[in-house]
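Structure at a glance
Here is what each chain is made of, one letter per residue.
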Amino acid sequence: MSDVSAGTRARLIGAGYAAQGLGYAAVVTALPAFKERQGIDDTFVSVILLMVVVAAAGGSVLADRVAARWGSRYALASGLFLVGAGLAGTTFWSPNAVFATIFLAYGVGLGAVDASLSMQGVLVQARLGRSVMSRLFAAYTAAAIAAALLMSGALETGAGAAVAVAVAAVFAVLVGLVGWRSFVPGRTERSHVAHDGGGRAVRPIVLVCGMLIFTAFLVDSAISTWSSVYLHDSLSAAASVAPLGYAAYQGAVLVSRLVADHVVPRAGRLPVAIGSLLACGIGCALVVTLPVVGAAMAGFAIAGIGVGVLVPLAFSAAGEAALGSSDEVIAKVNLFNYGGALLGAVLLGALSEPVGLRWAFLIPVVAVIVTVPLARRLRHLTVPQPAVS
């Protein structure tokens with residue numbers, strides 16, 4: 001048994017969340033600079049993002065396979081290496097076909113890290129015996145804020161977007177190197193609960209928690225991908241101001257995640273989930289109804305409160321409801337992430353020309369309305385804990 005304590009591993013997993021947040025935020029806030037450098041438009045960006053979503057879904061499935069064979073720590077470390085390589089590849093001009101291929105590789109790493117981070121988080125939370133998922137996700141958020149501010153400073157000083165992206169690439173590789181031996185070594189066993197009868201026992205868990213993830217990531221992807229572009233192109237915000245909308249969003253996400261581990265056990269998952277969904281809907285509706293920079297930033301922040309709580313809440317609920325097969329169930333739930341990302345990133349971009357990004361932000365509002373009735377089933381999520389195979 002390794003002498004690395006559970007607390008130390010929790011902090012290292014938090015560094016993994018930070019690496020993911022730093023890299024993703026650096027990429028999405030660099031999109032206006034990428035568009036200018038590569039000579040591409042919103043439609044081309046949407047195609048690239050679609051490729052990233054598909055690749056990330058594949059990366060999530062790959063992480064489940066690696067976790068089953070060797071443990072999720074190796075899936076996480078390997079994913080971080082691929083993320084770092086992909087980020088590094090975006091820092092210089094390349095032919096658009098090569099640029100798209102680099103993003104494809106980044107997407108595979110992104111998906112592997114997404115899934116394996118949640119697997120590792122559930123494992124270390126079980127070892128600690130207390131809720132820490134929201135605080136782990138808070139590390140992601142804090143790093144995303146740092147990336148947005150770093151991007152704003154790099155653009156303001158003329159250093160260029162590549163500087164912020166390069167910092168994120170180096171950090172991802174360093175965390176992967178340390179984590180290769182020091183992430184949580186265990187894994188949940190392959191349980192017949194997830195397989196018998198076509199997995200009927202876990203279907204309600206996957207559906208309910210998956211739809212919470214779908215909606216949360218639809219909102220997150222819409223704001224993360226298009227907030228800077230919307231503020232800059234549609235509302236004529238300065239280049240150094242545009243990334244601050246994303247920073248405001250992530251600031252609200254961070255605050256909600258820092259308090260969620262204390263609020264959810266007291267208030268209950270269902271009321272918190274419903275309130276978080278409503279915050280997502282109200283925030284995006286504000287972006288649509290008041291097309292000015294200040295109101296848009298406020299809307300992004302309100303939506304951030306909801307997203308910040310929903311994601312760790314859903315993964316924690318899934319992991320606890322199917323404790324004997326949490327790695328497998330979390331990998332399935334994580335796939336809903338990419339459906340949300342597909343609509344949030346790709347569909348909003350596709351609608352930017354015919355209707356404008358302002359009206360495209362109605363899509364997350366509709367998703368919230370559809371998801372609220374499903375969220376009411378949270379209180380009934382549980383499966384019998386079987387003997388593991």
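Structural notes, computed from the coordinates. (Residues numbered from 1 in each chain as written. Predicted model: local features only at pLDDT ≥ 70, side-chain atom pairs only at ≥ 80, totals over all residues. Heavy atoms only, no water.)

1. Here we look at the layout of surface pockets
- For the largest pocket, the calculated volume is near 280 Å³.
- Lining the largest pocket are 19 residues, with Gln-125, Ser-131, Arg-269, Ser-316 and Glu-320 sitting closest to its centre.
- Within the residue set of the lining of the largest pocket, elements represented by two or more residues are helix H5 (96–128), helix H6 (133–157), helix H9 (243–267) and helix H11 (293–321).
- Considering each element in turn, the lining of the largest pocket owes the most residues, 6 residues, to H11.
- Grouping the constituent residues of the lining of the largest pocket by class yields 10 nonpolar, 5 polar and 4 charged.
- Of the voids in this model, the second largest pocket is the one considered here, and its volume is about 230 Å³.
- Residue lining of the second largest pocket: 15 residues in total, with Pro-32, Ala-33, Glu-36, His-232 and Ala-239 positioned closest to the centre.
- Looking at the lining of the second largest pocket, the elements that each hand over two or more residues are helix H2 (31–38) and helix H8 (203–234).
- Of all the elements, H2 adds the most residues to the lining of the second largest pocket, at 5 residues.
- A per-class count over the lining of the second largest pocket returns 8 nonpolar, 3 polar and 4 charged. (1 Å grid on protein atoms, 1.4 Å probe; cavity = no way out; pocket = protein on both sides within 12 Å on 5 of 7 lines; lining within 4 Å. Points joined across faces, edges and corners; volume = space filled by probe spheres on them. Helix = DSSP H or I, 4+ residues; strand = E, 2+ residues; numbered from the N terminus. Nonpolar A, V, L, I, M, F, W, Y, C, P; charged D, E, K, R; others polar.)

2. Details of the packing of aromatic side chains
- Following the criterion strictly, the structure yields 11 aromatic pairs and no others.
- For the pair Tyr-74 and Trp-180, a centre-to-centre distance of 4.9 Å together with 65° between the ring planes defines the contact as edge-to-face. In this pair, Tyr-74 is assigned in helix H4 (residues 72–89) and Trp-180 in helix H7 (residues 161–182), connecting sequence segments 106 residues apart.
- A relative accessible area of 36% means that Trp-180 is categorised as partly exposed.
- Here the aromatic rings of Tyr-246 and Tyr-249 are separated by 6.2 Å at their centres, their planes lie at 35°, and the arrangement is tilted. With Tyr-246 and Tyr-249 both in helix H9 and 3 residues apart, this pair spans about one turn of that helix.
- According to the relative accessible area criterion, Tyr-246 is buried, its value standing at 0%.
- For Tyr-249, a relative accessible area of 0% translates into the label buried. (Phe/Tyr/Trp six-rings, centres within 6.5 Å; stacked < 30°, edge-to-face > 60°. Buried < 20%, exposed > 50% of the residue type's maximum accessible area, 1.4 Å probe, protein only.)

3. As for the pattern of salt bridges
- Applying the stated criterion to the full structure yields 3 salt bridges.
- Across the pair Asp-233 and Lys-35 runs a salt bridge whose closest N-O atoms are separated by 3.3 Å. With a gap of 198 residues between them, Asp-233 in helix H8 and Lys-35 in helix H2 connect regions that are remote in the sequence.
- The partly exposed category is assigned to Asp-233, whose relative accessible area is 42%. (Salt bridge = Lys/Arg side-chain N within 4 Å of Asp/Glu carboxyl O.)

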